[in-house]
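Each chain, letter by letter, is given below.
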Amino acid sequence: MAKGPFEDPTISDAVNMRLAAALETISQTSSVLREKYFSDDWRHMKSMRNRISHGYSLLDLELVQGTIEQDVPHFELQLRKALAQIST
């Protein structure tokens with residue numbers, strides 16, 4: 001999002017596709033891993049992925065921007081924890 005305003009369709013499209021891809025990747029992990037690191041948040045994360053992937057024209061860009069700014073930092077932290085534990 002540092003490349004320009006989120007309202008720019010090129011920026012928002014790129015951010016949405018990357019977010020959907022990240023969430024799709026997590027969906028391919030085991031339910032044990034998802035429960036351990038994302039617990040109750042996983043249901044909301046999966047819903048966000050589905051909304052981006054299947055209902056793009058109905059996507060609320062303010063909701064996505066809020067998710068990026070407020071939720072992705074925690075998501076990244078949990079991913080780093082999972083990778084660190086898996087790697088050891």
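Everything below is about the structure printed above this text.
In this text the structure is predicted, and so the values were computed from the model without any measurement.

## A closer look at the overall build of the chain
Inference 1: A tally of regular secondary structure across the chain gives 4 helices and 0 strands.
Inference 2: Tracing the chain from N to C terminus, the helices and strands come up as α-α-α-α.
Inference 3: Principal axes of the C-alpha set define a box for the chain whose edges measure 40 × 25 × 15 Å.
Inference 4: Relative to its 88 residues, the chain shows a buried fraction of 31%.
Inference 5: Look at the contacts in the chain between residues 6 or more apart in sequence, and 66% of them connect residues 24 or more apart.
Inference 6: Carbon and sulfur atoms make up 55% of the accessible area of the chain, which totals about 6200 Å².

## Describing the packing of helix H2 (residues 31–38) against helix H4 (residues 61–87)
Inference 1: Axis separation between H2 and H4 bottoms out at 10 Å; the angle between their running directions is 125°. Judged by the angle between their axes, H2 and H4 are oblique. Here H2 and H4 pass one another in a crossing that is right-handed. Across from Leu33, Lys36, Tyr37 and Phe38 in H2, the residues of H4 making contact are Phe75, Gln78, Leu79, Lys81, Ala82, Gln85 and Ile86.
Inference 2: A breakdown of the residues in the contact of H2 with H4 according to their chemical character gives 7 nonpolar, 2 polar and 2 charged.

Rules behind the numbers
Residues numbered from 1 in each chain as written. Predicted model: local features only at pLDDT ≥ 70, side-chain atom pairs only at ≥ 80, totals over all residues. Heavy atoms only, no water. Helix = DSSP H or I, 4+ residues; strand = E, 2+ residues; numbered from the N terminus. Buried < 20%, exposed > 50% of the residue type's maximum accessible area, 1.4 Å probe, protein only. Contact = heavy atoms within 4.5 Å. Areas by Shrake-Rupley, 256 points an atom, 1.4 Å probe, with all protein chains shown as cover. Axes fitted to C-alpha atoms, helices over the stretch in contact; angles between N-to-C directions. Parallel < 35°, antiparallel > 145°, perpendicular 65-115°, else oblique. Left-handed = near helix turned anticlockwise from the far one by under 90°. Nonpolar A, V, L, I, M, F, W, Y, C, P; charged D, E, K, R; others polar.

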